[in-house]
Amino acid sequence: MSDFSAEVNNLRNSFKEGVTKPIKWRVAQLKALDRMLVENEDKFIEALKQDLNKPVQDTVMAEIEFVKNDIISLLRNIDKWAANQPVSKSLVTLLDKPYIHPEPYGVVLIIGAWNFPLQLCLAPLTPAIAAGNCAVVKPSEIAPATAKVLEDLFPKYMDSKCIKVINGGVPETTELLKQKFDYIFYTGSTMVGKIIASAASKHLTPCTLELGGKSPAFVDGCANLEMAAKRLLWGKFNNAGQICVAPDYVLCTQETQDKLLPVMKKVLNEWYTEKPEQSDFYCRIVSKRHAERLNTMLENTKGKIELGGQVDIDSKFFAPTVVTGVDLEDSTMQEEIFGPILPMITLKGVDEAIEIINSRDKPLAMYVFTEKDSVVKKLRDNTSSGGFTVNDTIFQLAVEELPFGGVGASGMGSYHGKAGFDTFTHYKPVLEKDLSWIGEKMAFFRYPPYDAKNISLIKALLKNREMPSVPAFLRYLFVMALGAVIGFVCTKYIK
């Protein structure tokens, strides 16, 4: 196993030399990454087919185009986001220059996940580059074909002095975590997330943890059930349920469940036929170990398998499966399923749904299917989740203006769009003080010896006031005039 300290130190030296800070370098790297995706699309499609039997459309839409659109947004906004940001002034700072200076953290570690092995490596990398950081990218070893393509292509397209791909398993990741990074970004399970957080704490390294959890879907009886079924099942069985924001279980009344089940059966047959193992549009479980875990969960359920249930461990096939008659103690309700099993829990209504959701760890996502604003408001305002989506699933990730991240056990921090740039940026507060005699007179009271007679003037100067909004040239004249007046008053006051 390699000693990663030398590689990390090389990246740190590049950062110290200022290689990554010019906007020109950042733009060039983002464009190179886009070119890598365009020129090697077939390689990525083949790799994801090997790792997950991922259909071409899913690879293009959720892996390649997703990242390319992130790059477009970053290129469009990078000059604005990386610029100094003026802040409001007070009477005390009228002559000064307070502002916020965005600066990169330094050398960041990005640990990807296997369920979207391309997107979850590159989607955090793009804002890290845009913010001006050096980066180590650690792809998941559970998706080896994609990891290998990334390792082979990065040296051909990216600046190797500043951006590295390091492959390996648990030992390599453990060794990497011993190194001192300036930021760590991890996507994966809550259990491993705790290990990442513990390792980061030894160096007081800030981190973003994109985890998961059991994301509930509440279906109201008044919802358009056919549309609800399509959107619910697409979110659950896309990528064979191996999505951190997939609906994990359904909450609905018995009446709604009875209406929903035949619609679900019809939709799944239309999508994957009655033999989903032969479908070109259905993924496989990533490994036999994961397939066995899901099979054990299904074998131990006390519920009724209404749809699916077919499993072939050797081929890593697990049919889209719906289970009814489930309670909170069932095997399917003890951990995040992360696979194509959809348990359904019947209840009396919204209040009971809120009680169930709030009795568990805070989920990464929550889904509500209803046409009633009152139901949306009640569930939104009385539960906590990383995100909240009404009448759809997964598609919240496509809105770059919406930060994506968890809360509590489902994670900390967020990214996508401006939130991604913010994640990899330290916003340094800067104050450039004026050295004129006017500015000095305005703050005369800070120097000893103190005089009790100055207290009333100090209170007047320090009081938090909203400054008037005026054009820049008028504001300059106003500042000069006010400064002269204050200087005169201060001089008289001292005398």
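Reading the values: the criteria
- Each chain has its residues counted from 1, following the order in which its sequence is written.
- Local features in this predicted model are restricted to residues whose pLDDT is 70 or higher, and side-chain atom pairs enter the listing and the counts only when it is 80 or higher, whereas totals over whole chains, interfaces and linings include all residues.
- Heavy atoms throughout the structure, all of them, feed into the side-chain values; hydrogens and water do not.
- Relative accessibility decides the category of a residue: with a 1.4 Å probe and only protein chains considered, values under 20% of the type maximum give buried, values over 50% give exposed, and everything between is partly exposed.
- Counting from the N terminus, the helices are DSSP H or I runs at least four residues long and the strands are E runs at least two residues long.
- Pairing between two strands is assigned when DSSP locates at least 2 bridges connecting them.
- Look down the strands so they point away from you; if the path from the first strand over the helix to the second goes clockwise, the crossover is right-handed.
- By the convention used here, residues are in contact when the closest approach between their heavy atoms is within 4.5 Å.
- Working definition: a disulfide is two cysteine sulfur atoms within 2.5 Å of each other.
- Only protein atoms enter the 1 Å grid used here. Points where a 1.4 Å probe fits but cannot escape make up a cavity, open sets with protein on both sides within 12 Å along at least five of seven lines make up a pocket, and a residue lines them when an atom lies within 4 Å of a point.
- Grid points are joined across faces, edges and corners, and a volume is the space filled by probe spheres set on the points.
- Side-chain classes follow a simple rule in which Ala, Val, Leu, Ile, Met, Phe, Trp, Tyr, Cys and Pro form the nonpolar group, Asp, Glu, Lys and Arg form the charged group, and the remainder, Gly included, forms the polar group.
- For the purposes of this section, nonpolar cores are sets of buried Ala, Val, Leu, Ile, Met, Phe, Trp, Tyr and Cys residues that join through side-chain atoms within 4.5 Å.

Novice: Would you take a moment to explain the pairing of strand E7 (residues 207-210) for this structure?
Specialist: In the case of a regular strand, side chains alternate between the two sheet surfaces. Burial of E7 is two-sided: the residues Cys207 and Leu209 facing one way and the residues Thr208 and Glu210 facing the other way are all buried. Here four bridges tie strand E6 (residues 183-187) to E7, and the two strands are oriented parallel to one another. When the sheet's bridge partners are listed, phenylalanine 185 is paired in E7 with threonine 208. In this fold, the crossover linking E6 to E7 by way of helix H8 (residues 190-201) has right-handed handedness. In terms of strand pairing, E7 meets strand E17 (residues 411-412) through two bridges, oriented antiparallel. Note on E17: the bridge partner recorded for glutamate 210 is glycine 411.

Novice: I tried to follow the environment of threonine 425 on my own but got confused; where do I start?
Specialist: Inspection of the secondary structure assignment puts threonine 425 in strand E18 (residues 425-432). As a C-alpha pair, threonine 425 and histidine 101 span 324 residues in sequence and 9.7 Å in three-dimensional space. Threonine 425 has contacts with Pro102, Glu103, Tyr105 and Ala131, leaving out every residue within four places of it along the chain.

Novice: Help me understand the state of the cysteines in this model?
Specialist: What is meant by a disulfide is a covalent connection between two cysteines, made through their sulfur atoms. For the structure on display, the rule yields zero disulfides. Sulfur of cysteine 134: no disulfide; nearest cysteine sulfur belongs to cysteine 162 and is 4.2 Å away.

Novice: Help me understand empty space enclosed by the protein, please; the structure alone is not making it clear to me.
Specialist: Over the atoms rolls a probe the size of a water molecule, and its path tells where empty space is left. Within the structure shown, the criterion is met by two cavities of 30 Å³ or more. As a volume, the largest cavity reaches approximately 60 Å³. Contributing to the lining of the largest cavity are Asp70, Ser73, Leu74, Ala123, Thr126, Pro127, Tyr415, His416, Gly417 and Gly420. Every element with two or more residues in the lining of the largest cavity is listed here: helix H4 (56-82) and helix H5 (119-130). Quantified by volume, the second largest cavity comes out at close to 30 Å³. Taken together, Gly213, Lys236, Gly241, Ile243, Ala246, Asp248, Glu336 and Phe338 make up the lining of the second largest cavity. Per-class residue counts for the lining of the second largest cavity are three nonpolar, two polar and three charged.

Novice: Just checking my understanding: could you explain the nonpolar core for this structure?
Specialist: Generally speaking, soluble globular proteins have nonpolar side chains that are buried together. In terms of nonpolar packing, the biggest core is built from 140 residues, with Leu122, Leu125, Phe154, Val245 and Met264 touching the most fellow members. The element that contributes the greatest number of residues to this core is H4, accounting for nine residues. In contact with leucine 122, not counting residues within four places along its chain, are Leu33, Met36, Leu37, Val67, Leu150 and Phe154. One finds Phe444, Phe445, Leu457 and Ile458 within the second-largest nonpolar core, a separate group that totals five residues.

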